Amino acid sequence: MIIAPSLLAANYGQFAKETLRADRSGADWLHLDIMDGHFVPNISFGPGVVRTIRPLTRLFFDVHLMCSKPEILLEPFAKAGADEIIVHVELGERVPQLLWKIRSLGKKVGLSANPPTAISEVLPYLDQIDSLLVMTVNPGFGGQEFIHETLPKVQQADAWRRERSLSYHIGVDGGVNFKTAAECARAGADVFVSGTTLFGQRNLKAAVKKMRQIVTSSHASIARAPAAAAVS
Ligand code: DX5
Ligand code: ZN
């Protein structure tokens, strides 16, 4: 179970301090939402910020590119210290080349799908990715309400993972709070990206701990096999 606070919801005047806060919170990953004002109607921050905060923590940097031209950004973010780079399946025929390029840069490979996009679009890539990120809001802004209609996509991704004996992570991103995180965990998610709910708390450490407890006790594998869990 991976808890990934999103820096998008941090105090923009204090990226360094907020990174240290995440570092000490017990979180597993730091999720970095990169918006270009074109793929989504908002702009966040670039590789310069990532490079600046990289020496402050050993947290896994999960870079989510909500960008129309990731081709020009892969190398800068790889050099800035990304551990994983996620691109969007909506980029269509450019996806295979993008995934290959991320892998060739020595980074973990992620693929994301927006709420209106059929989950079947990711099928050709399942054996090439480390993470599948199911968007549970329409990307662009933090603090939006979770779209429940996306949950069947998480279930489908989990079913494919088991059927094909693959081990990609299934992440959820957007509107993930203590209640919706439990629903996502029951559906099969194992990476929980959360901005407002985590960074919004004074005590980030307590919030991460609470989310971890909730998702661990709700996870699909436990829900599916209570007898096995009880005897082990
Ligand atoms: C897309 C972003 C957001 C964000 C999560 O706009 O990828 O989903 O980081 O933020 P919250 O948890 O505030 O919805
Ligand atoms: Zn994101």
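Below you will find a few notes about this structure. (Residues numbered from 1 in each chain as written. Chains lettered and ligands numbered in written order. Predicted model: local features only at pLDDT ≥ 70, side-chain atom pairs only at ≥ 80, totals over all residues. Heavy atoms only, no water.)

With that settled, the discussion passes to the environment of Leu56. By the element assignment, Leu56 lies in the loop between helix H2 (47-53) and strand S3 (60-66). For Leu56, a relative accessible area of 30% translates into the label partly exposed. Separated by 36 residues in the primary sequence, Leu56 and Leu20 place their C-alpha atoms 6.6 Å from one another. With residues near it in sequence (within four places) discarded, Leu56 still touches Ala16, Thr19, Leu20 and Asp23. (Helix = DSSP H or I, 4+ residues; strand = E, 2+ residues; numbered from the N terminus. Buried < 20%, exposed > 50% of the residue type's maximum accessible area, 1.4 Å probe, protein only. Contact = heavy atoms within 4.5 Å.)

A word on the site of ligand 1. Lining the immediate surroundings of ligand 1 are 19 residues, of which Asp33, Gly140, Gly143, Gly195 and Thr196 lie closest. Backbone polar atom of Gly143 to an oxygen atom of ligand 1: 2.8 Å apart, as the coordinates give it. Residue Thr196 places a side-chain N or O atom 2.4 Å away from an oxygen atom belonging to ligand 1. Relative to its free-state accessible area of 380 Å², ligand 1 is covered by the protein chains to the extent of 99%. Where the shell around ligand 1 is concerned, the elements lending two or more residues are strand S2 (29-35) and S3. Its residues assigned to classes, the shell around ligand 1 comprises seven nonpolar, ten polar and two charged. (Near = heavy atom within 4 Å. Polar contact = N/O pair within 3.5 Å; in protein donor to acceptor, adjacent residues only side chain to side chain. Areas by Shrake-Rupley, 256 points an atom, 1.4 Å probe, with all protein chains shown as cover. Nonpolar A, V, L, I, M, F, W, Y, C, P; charged D, E, K, R; others polar.)

Bringing helix H8 (residues 204-218) into the picture now. Taking 1.5 Å of rise per residue, 15 residues should cover 21 Å, and H8 covers 21 Å from first to last C-alpha, within 8% of that figure. Within H8, burial applies to Leu204, Ala207, Val208, Met211, Val215 and Ser218. Down the axis of H8, the sector holding all buried residues measures 110°, keeping them to one side. Those residues of H8 that are exposed and aimed more than 90 degrees away from the buried face are Lys205, Lys209, Gln213 and Ser217. Measuring from the side-chain oxygen of the N-cap residue of H8 to the backbone nitrogen of Lys205 gives 3.3 Å; that N-cap residue is Asn203. (Expected span 1.5 Å × (residues − 1). Arc of directions from axis to C-beta.)

What follows deals with the coordination of the zinc ion (ligand 2). Surrounding the zinc ion (ligand 2) are the protein donor atoms His31 (NE2), Asp33 (OD), His64 (ND1) and Asp173 (OD), at 2.0 to 2.2 Å. Between consecutive donor residues of the zinc ion (ligand 2), the sequence gaps follow H-x1-D-x30-H-x108-D. Within this pair, whereas His31 is found in strand S2, its partner Asp173 is found in strand S7 (residues 169-173), the two being separated by 142 residues in sequence. (Donors = N, O, S within 2.8 Å, 3.2 Å for Na, K, Ca; no water.)

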